[in-house]
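The chain contents come next:
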Protein chains: 2
Amino acid sequence: MRIGCLLPFAFISGAVAFVAPAARLRVRGALLPTHPRPSTTAAQSAVAEPPDTNTKETGISVGNVVNGFERYVFSFGDGCDTPPLDKNLLGGKGKGVSEMADMGLPVPPGFVITTEACKYYRNNKRAMPEGLDMQVEAAMKVLERQMNAQFGSIDNPLLVAVRSGARVSMPGMMETVLNLGLNDEAVEGFARQTNNRRLAYDSYRRFITMYSNVVEHVNPRIFEKELEKMKEEQGVTQDVDLSADALKELCQRFKALKLKATGTPFPDDPREQLVRAIRAVFDSWDSERAGAYRRFHGYPDDWGTAVVIMTMVFGNKGDDSATGVGFTRDPSTGEKRFYGEFLPNAQGEDVVAGIRTPQPVNELQAVRSGSDLPTLEKTMPEAYKQLMETAQKLETHFRDMQDLEFTIDKGRLFMLQTRTGKRTGLAAINIAFDMLNEGLIDEKELIMRIEPEQLVQLLAPVFDPQEKKRASPHLAARGLNAGPGAASGVAVFSTEKAVEMKAKGVKCVLVREETSPEDFSGMVAAEGVLTMRGGSTSHAAVVARGIGKPCVCGCGSLRYNREENFVRVEGTGMVLREGDPISIDGTTGEVYFAELHTTPSEVLQVLIDKTKLPEESKTFQQFNTIMTLADKYRRLRVHANADTGRDAEVARALGAQGIGLTRTEHMFMDKERLTDVRKMLFSETEQHRKEAVAMLLKYQKSDFVEIFRAMDGHPTTIRLLDPPRHEFMPHDEEELQQLADAMDTPLEELLRISEAIREANPMLGHRGCRLGILFPYLTEMQAQAIFEAAVEVAKEGKTVMPEVMVPLVTSKNELRHQKAIIDNTAKAAFERSGMTLPYKVGTMIELPRAALRAKEIAELAEFFSFGTNDLTQSTFGISRDDSGHFVPAYISGVEYPGEGQEKIQILDNNPFDVLDQDGVGELMEIARDRGKQSNPNLKTGICGEHGGEGRSVNFCHRIGLDYVSCSPYRVPVARLAAAQAAIEELGGGAEVAYQGPSVGYIPGKTVVS
Amino acid sequence: MRIGCLLPFAFISGAVAFVAPAARLRVRGALLPTHPRPSTTAAQSAVAEPPDTNTKETGISVGNVVNGFERYVFSFGDGCDTPPLDKNLLGGKGKGVSEMADMGLPVPPGFVITTEACKYYRNNKRAMPEGLDMQVEAAMKVLERQMNAQFGSIDNPLLVAVRSGARVSMPGMMETVLNLGLNDEAVEGFARQTNNRRLAYDSYRRFITMYSNVVEHVNPRIFEKELEKMKEEQGVTQDVDLSADALKELCQRFKALKLKATGTPFPDDPREQLVRAIRAVFDSWDSERAGAYRRFHGYPDDWGTAVVIMTMVFGNKGDDSATGVGFTRDPSTGEKRFYGEFLPNAQGEDVVAGIRTPQPVNELQAVRSGSDLPTLEKTMPEAYKQLMETAQKLETHFRDMQDLEFTIDKGRLFMLQTRTGKRTGLAAINIAFDMLNEGLIDEKELIMRIEPEQLVQLLAPVFDPQEKKRASPHLAARGLNAGPGAASGVAVFSTEKAVEMKAKGVKCVLVREETSPEDFSGMVAAEGVLTMRGGSTSHAAVVARGIGKPCVCGCGSLRYNREENFVRVEGTGMVLREGDPISIDGTTGEVYFAELHTTPSEVLQVLIDKTKLPEESKTFQQFNTIMTLADKYRRLRVHANADTGRDAEVARALGAQGIGLTRTEHMFMDKERLTDVRKMLFSETEQHRKEAVAMLLKYQKSDFVEIFRAMDGHPTTIRLLDPPRHEFMPHDEEELQQLADAMDTPLEELLRISEAIREANPMLGHRGCRLGILFPYLTEMQAQAIFEAAVEVAKEGKTVMPEVMVPLVTSKNELRHQKAIIDNTAKAAFERSGMTLPYKVGTMIELPRAALRAKEIAELAEFFSFGTNDLTQSTFGISRDDSGHFVPAYISGVEYPGEGQEKIQILDNNPFDVLDQDGVGELMEIARDRGKQSNPNLKTGICGEHGGEGRSVNFCHRIGLDYVSCSPYRVPVARLAAAQAAIEELGGGAEVAYQGPSVGYIPGKTVVS
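About the criteria used
- Residues numbered from 1 in each chain as written.
- Chains lettered and ligands numbered in written order.
- Predicted model: local features only at pLDDT ≥ 70, side-chain atom pairs only at ≥ 80, totals over all residues.
- Heavy atoms only, no water.
- Helix = DSSP H or I, 4+ residues; strand = E, 2+ residues; numbered from the N terminus.
- Buried < 20%, exposed > 50% of the residue type's maximum accessible area, 1.4 Å probe, protein only.
- Areas by Shrake-Rupley, 256 points an atom, 1.4 Å probe, with all protein chains shown as cover.
- Salt bridge = Lys/Arg side-chain N within 4 Å of Asp/Glu carboxyl O.
- UniProt positions renumbered as here; feature names shortened; annotations may be inferred.
- Contact = heavy atoms within 4.5 Å.
- Pairing = 2+ DSSP bridges.
- Axes fitted to C-alpha atoms, helices over the stretch in contact; angles between N-to-C directions.
- Least-squares fit on C-alpha atoms with pLDDT ≥ 70 in both.
- Core = buried A, V, L, I, M, F, W, Y, C linked by side-chain atoms within 4.5 Å.
- Buried area = accessible area lost by both parts, 1.4 Å probe.
- Polar contact = N/O pair within 3.5 Å; in protein donor to acceptor, adjacent residues only side chain to side chain.
- Domains from an automatic or database assignment.
- Phe/Tyr/Trp six-rings, centres within 6.5 Å; stacked < 30°, edge-to-face > 60°.
- Expected span 1.5 Å × (residues − 1).
- Parallel < 35°, antiparallel > 145°, perpendicular 65-115°, else oblique.
- Left-handed = near helix turned anticlockwise from the far one by under 90°.

Chemist: Hey, could you go over the overall build of chain A for me, with residue numbers and the actual values?
Modeler: Helix and strand counts for chain A stand at 41 helices and 36 strands. When the 1009 residues of chain A are sorted by exposure, 62% land in the buried category. As displayed, chain A has an accessible area near 37000 Å², and 50% of this comes from carbon and sulfur atoms.

Set out below in structure tokens:
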């Protein structure tokens, strides 16, 4: 039975076989049922001869089996069955083109090799699955019939693009080969067919370069050099000025270069070209950079990539041809207007190569960006109109902003790609609100549309106008405002340098002529990115937005002197050397050769500084609405980790419902107090110790007073002193001498104490409650400070809810000991003040034994707070401080010494960043279950760094914790993540849990023309 | 209904109420049904008037409830119901006297306050349980009627002893008060009654001293001083020469001293005396030294003590009276002859005080020990005969060697105590074999009778006769051979010094005039103990035997000069100062002022050195029988940890069935190899590294060849390199320079590397398989050495069973990586040699995550070996190296800051010594379950230090591991422990699991006269 574009009704009436896969499709956050598909019109059916269906052409297909083999190939386009619209199977690109074909939009016909084939290939020592060759052969036949052309034909050759496409967009990370099918004979046929010899040989030389590079790993520089040489010989400066004959000659030279580089001739057989290109795409999944990208985003290695094989269309056939990319709405601001760039008479790679400046698609955009380049709207109004209609259809169909690739082949529009467009945090929010207003999505979907990490952008600091005025003499240049936010630091000119600075803890800004996928790690390491070339859709711009880094790009007045490694500003005497201070404003595009201080974001100006009224800031209002909606749906409470009154105020302003962790040791590190702290910890005379304790009591009490004031009416969890005693011992001679004087102790004695308490493994040493048990006066002093402060603040009329948390317990008895001190001290404090306050005593669960013995511990504990930093450390036996020696290699993968795969990745993520649900998570579940057994009212939460990480928050929701606690600025992230987890539980947007931080669209270095 | 001595048949005919408690009784290892009790004869019924039963006298008693209160008091003796013979309830002492009374043996009547009362008291802020006062009052009434005397009566006062008695013997650790009931009036009545004023006032002054000390913590020195003063005044030198009047005057002075010391007068009211003495006994359970004792033996704090209140009998009424202690067989050798000591006209404390030399009980003993003191056999033949008959009855009844206390009151024998006698390892074995031959016990019971730790004594080294000849000029003295074995080290004269030396790692011998319970920790710390006073049953002798330390005691020719702190040998010029070398032979009693080297024990001479034939050594034959029997019953396999061929040979000789752990890093520490090891680990040039690897390959191969040869036919588990890389870096400048030269690397570069790999927490750092994953050549080299060695030994015709063990995994992928190298290397080695051998690849489970992910890991692992040292470390978050800062305090207990108890003990045992079954043990069970899920054939074992510790071996049996692996010399211990676990499982001797190392009998400092 034939279904699809020719028999659109069949989808509804009978194509049961495809209903299940189609139902599997879930556009991110698409809670509403998929709109009925528009029926295709004959006009949109671009290819003349209707071919047979997939079923007929690819053999006997029953379900997913073809001729007894698993089905790995699905054709799309005019006359074909709609493939199962499952991006896990077809990849994002394959699913996008299949779905557009199904909608009747103009898509060059083609077929998809599924990710299952790639998985098989990876798991079977790079062997192609059985039956795949036959299925590809059959799909090529369909294509030949659709296009009325023959693969490898001398007269009428069929040319295809072979493109990668994973289930998520990994822009520029994997390989593509264009113009495949050309050889010395077919190129002539192509020339005749198009009546354009120059096009034919230009395509051929591009194909040879790309094939040699992608499939056989030949360095493309050798071809570029030869191209330069040829231009010199021919006395021309531009590629386009080379004649067809010159290009033909160039092709022969390229083939010779390829032979020399690899020892094998360039393959003339198109079928060999095809098979090897498919393999190359599969292999590119395991390339260094693709692996690095997946690790950054937390995508599993075993997803694999699909391969999309599409008939070639050409944007470089002349002035009636063009290639471009675009977003159905503005990805930087979210504004509802098409936003795109194109190059006439060009192939896609020209757009991103930065050689030619891309032109704005429409007039509004041109005006706004001050561009005087001709727009598509003006130069090809028909194609433009068709593009706008297509964009509208796609948005209505997918109910989200789309990111498109298109090519205009002699005035005719072809869609090459559609997918949900990545966007800045601001844009995500604006679009979501607009679509809510347009009735496209509902409240819950709005919440699901905003990635928690995107909120960070709204909270990130900006440059203060005053600061800018001050720095105006250092204003060096203006570029495109490609990634919002402010960044400053020292300038670095390479990724290596950026990574090095990051490792040293020095903030830096990466300054490059342009960036390539190899610069990814440098961009991650830097505070911000500045490029001299490339537009708003260049690699730098899109990646920066994706990872939330401020970015200014296309800053053309900067010139990089490679030999002497400095940057100068054209027309001025200003010079920037590596290590010089630099600041960039990604919101305005300004570049300063100076270090500018930052000022809080608009949201913080309203919430915290109160320098702006709520009604003055739309950003704030949106932020506020999101938070209000998030709070409506989430079940998890969100607390903050705050060590000072100021932290507590910020936390409250950002919506924290309590403090989950106050680290009292941070209070001790103050210079003024440190001597007393040391006297308390190291004095061997009772007198000195008592004096020191009395001083510290005063300090601690005032700390807690401030915190309790800020937390009026909200629970405040204070952890007793935790770090190894040795950490407080001075390390240099001078400080030691000072302490010796202050303690009235000979230096030798102090050195002896210092030596005696030194530990081989301080994280496993005398710390946590082990301090309070051996030195009960520590616990007593802290408890006294807490309760006296609580009483004082309560007497001011505020509601104080202190919760005292005992760290590092492994047994009930430890808690029993500490709780006795706390209770006695509370009782005494309450008696002295004539006032009693409710309070809780609980414990950290941060060692495996505590998790296992949770039942007993909960007989005394009123709450458990999972200290997932330490719990990760002990469960894995990995010290966070020392993990740098091997964890990066574990994540990036090491060479696999066995058969069948090149690399083996030991860890998917750094478990200190993303909670290890399988190990650490199980201990949390064990502790929760056992704790509740003996104490059904036990309150549970998390206060490790994971409390502000989206996937970890999601896990905390799923295992039924009561709260998460994170740093104040991550409270909004946790609130949103908690809401998404709750909505997911209701059945919506299950994909959120598997998404890393968003990354913008990158055309990649080899986009189809 | 009355049962007991007057109606002996009633026990069989109707006392159903007591059948259950009696059945609860289990003499250690008593597998046979208890023999029928001998019926008592009227002649043995020592007290005239038959009293009413417990039931009638103590109120309405239903089950364990009396007048609505729990029953805490059980009377024993003539005419009483037999109390439930449960030593957990009555304590060992209470159960012993109750059972003797039930057998009709002469026991002074009395009653027991149960351990339940003590538990209540400890858990309820030192409040006595309700109803206890009434029950005690009732029991006292019974006693008054039995004795026809009145408590506090002026004319005919009843005097009692108040003694402690826990479920296990804790000699000298808790308190006793004798002669209770005396006051200024009652003493006169007592004098009249006994017609012995001197006895009366002597008893009174002893009572005042003991009461003031035990109940009110008055330092007894003040009374001793006053006693000395009185002797001076009276012009006498011996206590016994003081007249009754002098003693009466002394009592008044003592009372005045007591008033001055405490501010309160001595209580005249006997009822107050009694209540306060009972409290004092309860409190003594929580004394420092009792706590220390329990910790050493691993007894829980919550057992509590019973209180035994018995009518006083007197061994100091004249020459027809005596007091003594004895064993039904020789506790040192096991020989079947009564062995005991007594003092005529004395109270028990005189026996141990060392003031008078105890006399041998019988002639044989006198001859053997060369004593010319009169024996009991000669001086009181009737009482002696009765004692021998009683001893025989007790042995037949309890089917084990008994340890007795007796008093002869004017020619009449009273039994004050019986219990299973502690014995040396040798004696335990001899007795068990004798009883097997006598038909008293069976094979299984024989196994249960020998504590695994006792085997250590059989294996401990002795002094070689040649060595002794050499050292003969240094032979300083001879004492009693009180604890077998040889010890040498430096002399220390105090417990503090012994502990200090131990901490410094210096071997020492504790030399004391005599020891007291306060010296316990010094004895534990020392290699052996030498005393100048005291006999074979003195504190020093008994404790030393109990903890397996060589001991020489009563070495009278030594004189300690307290002022100048040295020891001289009387009649010679020899002098011993603290720190001088000393050696003692506890088997012969010789003392050398020199350090003697030791020689292997007889068992090892037969098994390992082959310098003795099996038939030449009875000890060996017994050892061999025990091992043969143990092997017959045990299910657990016992492997050994062995790092060299020599270790492996020893292990095999001692019965190891395989090697569970070969630590390859120990092989690397050899000076000759260390430079190559360092070159391999730190070279940054490929060339250097390859050279070093080639050298190490050679070394490692030869190591493995030796081990495989020794292990012919037995599995041999080799662990890959485990320790942090940094451990191999030289630490002093000179060595660094040498290495720099050897590596052709500038010193600065090496320092840089050293700095770079330094770790904050090396135990959580780059070690274990994390080394082999980042430096695969390490694993490859080790695997190559293993398989090449295996092939080489196999070609010699031996059976090689290599098992390669990957350390510190947390995930399947780590093992996958390492296994790939191992498998590839094996394949290559087998191909080169033309020979294939079976081998296994497995992993350590030593991190919590490995235990949790065991299911996946077992998909690749063929065996799991629990590395319980590291697993304990990570589960508790305690570094073994740093645990000294707080774990000792956790075990000894810290002051409890809350109400109701003085101290709180955080840990029962050091989890690095005794496996933490609750935490670490659960992870082991989880790993075993999950591992077997995916690999039902998974082999499981343990290779931490716990593998040779009895309680831990028992646990390993219970959770169904396949093997334990321990150090070679502990293999016999593990074999026996494994057999006991298996027999226990069959229903025998469940107590073994709760027993620490055996401790001998100690009369204690305050034994009843």
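Chemist: Just give me the short version of the pattern of salt bridges, but keep the residues and values in it.
Modeler: All names here are of chain A. Here the structure, examined in full by the defined rule, presents 156 salt bridges over all chains. In this structure, the salt-bridge partner of D631 is R975, at a minimum N-O distance of 2.6 Å. Within this pair, whereas D631 is found in helix α25 (residues 618–633), its partner R975 is found in helix α41 (residues 971–985), the two being separated by 344 residues in sequence. Residue class for D631 comes out partly exposed when judged on its relative accessible area of 30%. The exposure class of R975 is buried, given its relative accessible area of 7%.

Chemist: Could you give an account of the UniProt feature "active site" (unreviewed entry) in chain A, with specific residues and numbers?
Modeler: All names here are of chain A. If you check UniProt for "active site" (unreviewed entry), the listed places come out as H539 and C943 in our numbering. These residues run over 405 residues, and the two farthest C-alpha atoms among them are 36.8 Å apart, placing them at more than one spot. For C943, the residues in contact, after removing those within four places along its chain, are N641, G660, L661, M805, M844, S865, F866, G867 and S965.

Chemist: Could you give an account of the UniProt feature "domain: Pyruvate phosphate dikinase AMP/ATP-binding" (unreviewed entry) in chain A, naming the residues involved and the relevant values?
Modeler: All names here are of chain A. Annotation from UniProt places "domain: Pyruvate phosphate dikinase AMP/ATP-binding" (unreviewed entry) at residues 88–123, 127–360 and 382–426. Helix makes up 69% of residues 88–123 and strand makes up 11%, while its end C-alpha atoms are separated by 17 Å. Secondary structure within residues 382–426 divides into 42% helix and 38% strand; the distance between the first and last C-alpha atoms comes to 33 Å.

Chemist: Give me the lowdown on the sheet that holds strand β30 (residues 801–806) of chain B, citing residues and values where you can.
Modeler: All names here are of chain B. The strand order around the closed barrel built from 8 strands is β27-β28-β29-β30-β31-β32-β35-β36, with neighbouring strands paired in parallel fashion. Each adjacent strand pair in this sheet contributes to an overall mean axis angle of 25°, direction not counted. With 4 bridges joining them, strand β32 (residues 863–866) and strand β35 (residues 939–942) adopt parallel strand pairing. In the strand pairing of β35, F863 is matched with K939.

Chemist: Hey, could you go over the relation of the copies chain B and chain A for me, with residue numbers and the actual values?
Modeler: Mapping chain B onto chain A leaves a residual RMSD of 0.2 Å; the transformation is a rotation of 180° accompanied by 0.1 Å of translation along its axis. Read as a symmetry element, the transformation amounts to a two-fold axis. No C-alpha of chain B lies nearer the rotation axis than that of N761 of chain B, which sits 2.2 Å from it. A shared binding surface is used by both copies, with 100% of the interface residues of chain B retained as interface residues in chain A.

Chemist: How would you summarise the nonpolar core if you had to cite specific residues and measurements?
Modeler: Ranked by internal contacts, the top residues of the largest apolar core, which has 287 residues, are F623, M680 and M924 of chain A together with F623, M680 and M924 of chain B. What M680 of chain B contacts, discounting residues up to four positions off in sequence, is F668, R689, A692, V693, L696, Y777, L778 and M781 of chain B. Membership of the second largest hydrophobic core comes to 59 residues, among which are A117, V214, F254 and L274 of chain B.

Chemist: Tell me about the side chain of T115 of chain A, and name the residues and values.
Modeler: Looking at the secondary structure, you find T115 of chain A in helix α5 (residues 115–123). When sequence neighbours within four positions are dropped, the list of residues in contact with T115 of chain A reads N88, L89, G91, W303, G304, T305 and A306 of chain A.

Chemist: Pulling in residues and values, what's your account of the interface of chain B and chain A?
Modeler: Bring the parts together and some accessible area is lost; that lost area is often taken as the interface size. With 57 residues of chain B at the contact, the number on the chain A side is 57 residues. For the pair chain B and chain A, the two sides together bury roughly 5000 Å², of which 56% comes from carbon and sulfur. A per-residue breakdown of the area chain B buries against chain A is headed by L764, R849 and H885 of chain B, which together make up 13% of the total. Run the count over chain B and chain A and you get 6 salt bridges. When the shortest N-O distance is used, the salt bridge between R849 of chain A and D916 of chain B registers 2.6 Å. In this structure, the connection of chain B to chain A is made through 34 residue pairs in polar contact (both at pLDDT 80 or more). Among the secondary structure elements, those contributing two or more residues to the side of chain B that touches chain A are α31 (747–757), α32 (769–774), α34 (812–833), α35 (848–852), α37 (868–876), α38 (887–892), β33 (894–895) and α39 (920–934) of chain B.

Chemist: How would you explain the pairing of strand β17 (residues 486–492) of chain B if you had to name every residue and give the values?
Modeler: Walk down a regular strand and you will see the side chains alternate between the two sheet faces. Residues and elements named next belong to chain B. Where burial is concerned, most of β17 is hidden: 7 out of the 7 residues are buried. Direction of pairing for β17 relative to strand β24 (residues 581–585): antiparallel, over a ladder of 5 bridges. Directly across from A487, in β24, lies its bridge partner I584. The pairing of β17 with strand β18 (residues 508–512) spans 3 bridges and is parallel. In the sheet register, V492 faces β18, and the bridge partner there is L510.

Chemist: Could you give an account of the domain arrangement of chain A, with specific residues and numbers?
Modeler: The domains assigned to chain A are domain 1 (9–183 + 269–311), domain 2 (322–423), domain 3 (460–599) and domain 4 (634–724 + 759–943). Computed from C-alpha atoms alone, the centre-to-centre distance between domain 3 of chain A and domain 4 of chain A is 40 Å.

Chemist: Go over the packing of aromatic side chains, please, and point to the residues and values.
Modeler: Taken as a whole, this structure holds 30 aromatic pairs over all chains when the rule is applied. Here the aromatic rings of F207 of chain B and F266 of chain B are separated by 5.6 Å at their centres, their planes lie at 85°, and the arrangement is edge-to-face. In this pair, F207 of chain B is assigned in helix α8 (residues 197–216) and F266 of chain B in the loop between α10 (244–262) and α11 (270–284), connecting sequence segments 59 residues apart. Judged by its relative accessible area of 4%, F266 of chain B is buried. By the ring-pair criterion, three or more aromatic residues cluster together here, those being F207, Y211 and F266 of chain A.

Chemist: For the environment of V569 of chain B, give the residues involved together with the corresponding values.
Modeler: All names here are of chain B. As for its position among the elements, V569 is in strand β22 (residues 566–569). Along the chain, V569 and S212 lie 357 residues apart, while their C-alpha atoms are 38 Å from each other. For V569, the contacting residues outside a window of four places in its chain are A476, S557, L558, M574 and F593.

Chemist: Could you give an account of α11 of chain B, naming the residues involved and the relevant values?
Modeler: Residue and element names in this part refer to chain B. End to end, α11 covers 21 Å across 15 residues, agreeing with the expected 21 Å (1.5 Å per residue, within 8%). Residues P270, Q273, L274, A277, I278, A280, V281, F282 and S284 constitute the buried set of α11. Measuring from the side-chain oxygen of the N-cap residue of α11 to the backbone nitrogen of R271 gives 2.9 Å; that N-cap residue is D269.

Chemist: I'd like to hear about the environment of P484 of chain B, residue by residue, with values.
Modeler: All names here are of chain B. Here P484 lies in the loop between β16 (480–483) and β17. Counting along the chain gives 147 residues from P484 to D631, while the straight-line C-alpha distance between them is 27 Å. Not counting residues up to four positions away in its chain, the partners in contact with P484 are T424, Q457, K549, P550, G586 and T587.

Chemist: Outline the sheet that holds strand β36 (residues 963–966) of chain A, listing residues and values.
Modeler: Residue and element names in this part refer to chain A. Taken together, the 8 strands give a closed barrel; going around it, the order is β27-β28-β29-β30-β31-β32-β35-β36, and neighbouring strands pair in parallel fashion. Sheet twist, expressed as the average angle between the axes of neighbouring strands with direction ignored, equals 25°. Sheet topology places strand β30 (residues 801–806) next to strand β31 (residues 840–845); 4 bridges connect them, and they run parallel. Counted as the bridge partner of V806 is T843 from β31. Together, β27 (637–641) and β36 form the strand contacts of α41, whose direction differs from that of β27 by roughly 160°.

Chemist: Just give me the short version of the packing of helix α30 (residues 733–743) of chain B against α31 of chain B, but keep the residues and values in it.
Modeler: Residues and elements named next belong to chain B. Here α30 crosses α31 at 110°, and the two axes come no closer than 9 Å. Classified by the angle between their axes, α30 and α31 sit roughly perpendicular to one another. As for the relative orientation of α30 and α31, their crossing is right-handed in sense. Residues E733, L736, Q737, L739, A740 and M743 of α30 lie in contact with α31, whose contacting residues are L747, L750 and L751.

Chemist: So what about helix α40 (residues 950–958) of chain B? Which residues, and what values?
Modeler: With 8 of 9 residues buried, α40 of chain B is to be regarded as a mostly interior element. Downstream of α40 of chain B by one or two residues, G960 of chain B has phi in the positive range, about 80°.

Chemist: Summarise the pairing of strand β4 (residues 73–76) of chain B; cite the residues concerned and give the values.
Modeler: Residues and elements named next belong to chain B. Residues V73 and S75 of β4 are buried on one face, and the alternating residues F74 and F76, pointing to the opposite face, are buried as well. Two strands pair when backbone bridges link them, and β4 and strand β5 (residues 110–113) are joined in this way by 4 bridges, in the antiparallel orientation. By the bridge assignment for β5, F76 is matched with G110.

Chemist: Can you explain unusual backbone geometry? Please cite residues and give values.
Modeler: All names here are of chain B. One non-glycine residue, R399, lies in the positive phi region at around 55°. The topology assignment puts R399 in the loop between α16 (381–398) and β12 (402–409). Here the phi dihedral of D744 falls at roughly 60°; this positive angle occurs in a residue that is not glycine. In this fold, D744 is placed in the loop between α30 and α31.

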